[in-house]
Amino acid sequence: MVTRKYRIAVVPGDGIGWEIVPVGVEVLQAAAKQFGFELSTETFPYGAAHYKKTGQFLPDDALDTLKRFDAIYFGAVGLPDVNDTLPARLFTFKVRKSFNQYVNYRPARLLPGIQSPLRNKTPADIDFIVIRENTEGEFVQAGGFAHDDFDYGLALDTSIFTRKGIERVAHYSFRLAQRRQRRLTNITKSNTLIHSLAYWDKVIEDVSRSYPDVIYKKMYVDNAAANFVLHPECFDVVLTTNFIGDILSDLGGAIMGSLGLGASGNINPEKEFPSMFEPIHGSAPDIAGKGIANPIGTIWSGA
Ligand SMILES: NC(=O)c1ccc[n+]([C@@H]2O[C@H](COP(=O)([O-])OP(=O)(O)OC[C@H]3O[C@@H](n4cnc5c(N)ncnc54)[C@H](O)[C@@H]3O)[C@@H](O)[C@H]2O)c1
């Protein structure tokens, strides 16, 4: 029998990353032993602390180095004394885009033994997956400032939605729904973002016709936020944009009982590049070093 072997790049990042990721690696190694596969890990110090030392979140050769691994196991990046517009741009978004990890997979499930802050909701009620488009949309960071310090100063961010970008994440989501309860909710705001999100809806509706076995529904994000809290049982697979998904998936973590429980995968479904697995939360500087960070989201991301 050939033993399956995987090479994992471990990037704890900053703050509580150095507390929760080592715990996650321990659990992964225990699982490997139990279920007959092998993991070799190599740890990299990339992140905001690395930036303070070297001026770079990721060294020049880091993407080539990471590309050689089967997967990346990541904590979170960001430190209070480092400009907080840098961690996403110079680490998280850079890896997600360079490795074409266009699916952000974020399950929300009420785990056994945990009390949801939602009164009377049980594990049967909270079990859905948020699929967030992960490489374009509102987070492409195309924009700029002009005349910043004058009374006619302005700032601009442009969202970019492409047919190809929408189609591929939509196909992934419908196929996922086929393996679950066959219900997909597209969460949008096309009644006010009448160009970009109307196009998003149109392309998803086109894709939905290839999946007649999946019940397709569209919901506006304001209503969806209320339903995450009032009727989480109405969701199975949730498909949404980069920005909306960022917010709603934290709400998913919150109704599970803690941000520390939420897991995620930044996935390149075609496996042309390694995928990256990380808890949904950040580096939590307010509790870093206290030994109280919840490692469950990190352990689940490892799974
Ligand atoms: N993917 C990432 O690397 C990522 C994601 C989000 C935020 N950040 C960065 O993290 C830093 C802090 O951001 P923030 O405070 O907005 O968000 P955060 O997720 O780090 O913390 C929000 C709150 O949740 C708590 N929390 C988070 N994880 C927890 C855990 N495992 N166990 C128990 N409690 C936990 C924190 O103590 C804090 O009160 C910033 O620099 C931000 O840019 C990074």
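Residues numbered from 1 in each chain as written. Predicted model: local features only at pLDDT ≥ 70, side-chain atom pairs only at ≥ 80, totals over all residues. Heavy atoms only, no water.

Once that is clear, we can look at the packing of aromatic side chains. Scanning all chains against the criterion turns up 15 aromatic pairs. Here F128 and F228 contribute two aromatic rings whose centre-to-centre distance is 4.9 Å and whose plane-to-plane angle is 65 degrees, an arrangement assigned as edge-to-face. Pair noted here: F128 is in strand β5 (residues 127-133) and F228 is in helix α7 (residues 221-230), with a separation of 100 residues, a long-range link. Each member of the pair, F128 as well as F228, carries the same accessibility label: buried. Taken together, a centroid distance of 5.9 Å and an interplanar angle of 75 degrees make the contact between F161 and W200 edge-to-face. Taken together, the residues F161 in the loop between β7 (154-160) and α5 (163-178) and W200 in helix α6 (residues 196-208) connect sequence positions 39 residues apart. Judged by relative accessible area, F161 falls into the buried class, the value being 14%. (Phe/Tyr/Trp six-rings, centres within 6.5 Å; stacked < 30°, edge-to-face > 60°. Helix = DSSP H or I, 4+ residues; strand = E, 2+ residues; numbered from the N terminus. Buried < 20%, exposed > 50% of the residue type's maximum accessible area, 1.4 Å probe, protein only.)

In this section: α7. Inspection of α7 places A224, N227 and F228 among the buried residues, and these make up the whole buried set. Looking straight down α7, one finds its buried side chains confined to an arc of 110 degrees; they lie on one side. The secondary structure elements touched by the buried residues of α7 are β5, β8 (183-188), β9 (215-220) and α8 (242-256). (Arc of directions from axis to C-beta. Contact = heavy atoms within 4.5 Å.)

Looking at the ligand, there are 18 residues lining it, with D84, G282, A284, D286 and N294 nearest. Note that an oxygen atom of the ligand is positioned 2.8 Å from one of the side-chain N or O atoms of D84. The backbone of A284 places a nitrogen or oxygen atom 2.8 Å from an oxygen atom of the ligand. A total of 810 Å² of accessible area belongs to the ligand in isolation, and the protein chains cover 67% of it. Its residues assigned to classes, the shell around the ligand shows nine nonpolar, six polar and three charged. (Near = heavy atom within 4 Å. Polar contact = N/O pair within 3.5 Å; in protein donor to acceptor, adjacent residues only side chain to side chain. Areas by Shrake-Rupley, 256 points an atom, 1.4 Å probe, with all protein chains shown as cover. Nonpolar A, V, L, I, M, F, W, Y, C, P; charged D, E, K, R; others polar.)

Functional significance is not addressed by these values, which are geometric in nature.
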